[in-house]
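Spelled out from the first residue to the last, the chains are:
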Amino acid sequence: MKNKRLDNLIANETSLSRKQATELIKKGELLVNGKVVLSASEKVDAENDEIVFCGRRLNCAEHVYIMMNKPKGVLSASSDKKAKTVIDLVPDELRRKGLFPAGRLDKDTTGFILLTDDGEFAHKILSPKNHIYKTYVARIRNPITDDEIKTLERGITLSDGTVFKKCKIKILNDEKNLIEIKICEGKFHQIKRMLQFVNNEVLVLERVKMGNLTIDNVLKPGECRLLTDEELKIIRDFDE
Ligand code: URA
């Protein structure tokens, strides 16, 4: 159905204002199904028409879902006055208004972060109620013991009253200082504080999986790509 005005569509899909979009449309920078359209008020079928603006095809899907390999030193936030954020790393062709990271990783944590403009989806995958586990690999200072694993896996209450629900831990090396840890909450510094609770320390932390979807190892730190519908389903329909 031709129900979306071009100026609104472009303002939504890019970082431009409606006024800036209109000026560029008037200059002949917009093609709909291969034909130049000069009127910003013309309506299009965003789902089915091919819309090329300033030489790039717009992704007009209602929402976008982006997998990023977060590098060290970058904030998991939409914007920041001083520091670089994960949103700053998104290339123009994937950028659109309202993009935010679904969940936070610490500045020094690397790995899988999902960026979207779909608040409902973000809530669904982050809410502990839905038990969508996030999997991390942590290098820790001291070898972990079976008792410590049992304690953490049962769930713990810190001295300040913070409760961390049950988790799952696997030892990944003979030295017992490389572990896989799965949690379904995302509390502030959660894994670091869990390891502190058993007198240990996280030295390096990487998120490798959300639900059952593993980060694409083709992505170098700072790189990102759109998720496919199938990949979205793998995250959303997480089942153990
Ligand atoms: N737990 C942490 O301590 N830090 C993160 O970035 C994610 C989980």
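These numbers come from a predicted model, not from an experiment.

Caption draft 1: Structural view of the overall build of the protein. The helix and strand inventory of the protein stands at six helices and 17 strands. Its C-alpha atoms give the protein principal-axis dimensions of about 70 × 35 × 35 Å. When each of the 240 residues of the protein is scored for burial, the buried share is 46%. Approximately 13,100 Å² of the protein is accessible, and the part contributed by carbon and sulfur atoms is 48%.

Caption draft 2: Inspection of the environment of Phe112 at higher detail. Following the sequence through the fold, Phe112 ends up in strand 9 (residues 110-116). Along the chain, Phe112 and Met210 lie 98 residues apart, while their C-alpha atoms are 7.5 Å from each other. Setting aside residues no more than four positions away along its own chain, Phe112 makes contact with Met67, Met68, Leu105, Arg207, Val208, Lys209, Met210, Leu213, Thr214, Ile215 and Ile235.

Caption draft 3: A look at the environment of Asp106. For Asp106, the position within the fold is in the loop between strand 8 (100-101) and strand 9. C-alpha separation for the pair Asp106 and His189, spaced 83 residues apart in sequence, amounts to 7.0 Å. If near-sequence neighbours (up to four positions away) are discounted, Asp106 is found in contact with Lys70, His189 and Lys192. Within polar-contact distance, the side chain of Asp106 engages the side chain of Lys192 at 2.8 Å.

Caption draft 4: Just the domain arrangement of the protein, in detail. We note that the domain assignment places domain 1 (4-57), domain 2 (65-127 + 215-239) and domain 3 (133-210) within the protein. On a C-alpha basis, the centroid separation for the pair domain 1 and domain 2 is 26 Å. Contacts between the two partners involve seven residues from domain 1 and, on the opposite side, five residues from domain 2. The three residues of domain 1 that bury the most area against domain 2 are Asn12, Glu13 and Arg56, which together make up 69% of that side's buried surface.

Caption draft 5: Structural detail: helix 6 (residues 229-236). When we look at burial in helix 6, the residues that qualify are Glu231, Leu232 and Ile235. The buried residues of helix 6 occupy one face: seen down the axis, they fall within an arc of 100°. Within helix 6, the exposed residues directed more than 90 degrees away from the buried face are Asp229 and Glu230. Lining the buried residues of helix 6 we find strand 7 (65-70), strand 9, helix 3 (119-126), strand 15 (202-210), strand 16 (213-214) and strand 17 (224-226).

Caption draft 6: Fine view of the packing of aromatic side chains. Under the defined criterion, the tally for this structure stands at one aromatic pair. Seen from their ring centres, Tyr65 and Phe121 are 5.0 Å apart, and the 70° between their planes marks the pair as edge-to-face. In this pair, Tyr65 is assigned in strand 7 and Phe121 in helix 3, connecting sequence segments 56 residues apart. For Lys168, the ring lying beneath its charged end belongs to Tyr133, and the centroid distance is 4.4 Å.

Caption draft 7: Quick peek at the sheet that holds strand 3 (residues 35-36). Spatial ordering of the open sheet is given by 3-2-5-6, a layout of four strands whose pairing is antiparallel. Whereas interior strands pair on both sides, the edge strands pair on one side only; in this sheet they are strand 3 and strand 6 (56-57). Of the strand pairs in this sheet, strand 2 (residues 30-32) and strand 3 are connected by two bridges, and their pairing is antiparallel. Residue pairing for strand 3: Val32 is matched across the bridge by Lys35.

Caption draft 8: Summary view of the pairing of strand 7. For strand 7, a buried count of six out of six residues is recorded, marking the element as mostly surrounded by other parts of the structure. Every second residue of strand 7 is oriented toward a common face, with Tyr65, Met67 and Asn69 on one face and Ile66, Met68 and Lys70 on the other, all of them buried. Taken together, the six bridges between strand 7 and strand 9 define a ladder with antiparallel strand orientation. Opposite Tyr65, over in strand 9, you have Thr116 as the bridge partner.

Caption draft 9: Structural context of the site of the ligand. Close to the ligand lie Leu105, Asp106, Thr109, Tyr136, His189, Gln190, Ile191, Lys192 and Leu205, which account for all nearby residues. The contact in question runs from an oxygen atom of the ligand to an N or O atom on the backbone of His189, over 3.3 Å. Contact between the ligand and Gln190: an oxygen atom at 3.3 Å from a main-chain N or O atom of the residue. Within the complex, the protein chains bury 97% of what would otherwise be the 240 Å² of accessible surface of the ligand. With three residues, helix 5 (residues 190-197) is the single largest residue contributor to the shell around the ligand. When grouped by side-chain class, the residues that make up the shell around the ligand number four nonpolar, three polar and two charged. Shared between two domains, the shell around the ligand holds at least three residues of each, these being domain 2 (65-127 + 215-239) and domain 3 (133-210).

Calculation rules
Throughout this description, residue numbers start from 1 for each chain and increase along the sequence as written. A pLDDT threshold of at least 70 governs which residues receive local features in this predicted model, and a stricter bar of 80 or more applies before side-chain atom pairs are shown or counted, although totals over entire chains, interfaces and linings include all residues. Note: side-chain values were computed over all heavy atoms of the structure, leaving out hydrogens and water. Helix numbers and strand numbers start at the N terminus; a helix is a DSSP run of H or I with at least 4 residues, a strand a run of E with at least 2. The cut-offs for exposure are 20% and 50% of the maximum accessible area for each residue type, with area from a 1.4 Å probe on protein chains only; residues under the lower value are buried, those over the upper are exposed, and the others partly exposed. Surface accessibility follows the Shrake-Rupley procedure with a 1.4 Å probe radius. Residue values consider only the protein chains on display as shielding. The contact criterion used is simple: two residues touch if any of their non-hydrogen atoms lie within 4.5 Å. Nitrogen and oxygen atoms within 3.5 Å of one another constitute a polar contact, given that in protein one can donate a hydrogen and the other can accept it, and given that sequence-neighbouring residues count only through two side-chain atoms. The source of the domain bounds is an automatic or database domain assignment. Buried surface area refers to the total accessible area, computed with a probe of radius 1.4 Å, that the two partners give up upon joining, counted for both partners together. This arc corresponds to the set of directions leading from the helix axis out to the C-beta atoms. What counts as a ring pair is set by centres within 6.5 Å for rings of Phe, Tyr and Trp (its six-membered ring), and what kind of pair is set by the plane angle: stacked under 30 degrees, edge-to-face over 60, tilted for all other angles. Criterion for a charge above a ring: Arg CZ or Lys NZ at most 6 Å from the ring centre, at most 35 degrees from the ring normal. When DSSP finds two or more bridges between a pair of strands, those strands are recorded as paired. A molecule or strand has a residue near it when one of that residue's heavy atoms lies within 4 Å. By the convention adopted, Pro, Cys, Tyr, Trp, Phe, Met, Ile, Leu, Val and Ala count as nonpolar, Lys, Arg, Asp and Glu as charged, and the other residues, Gly among them, as polar.

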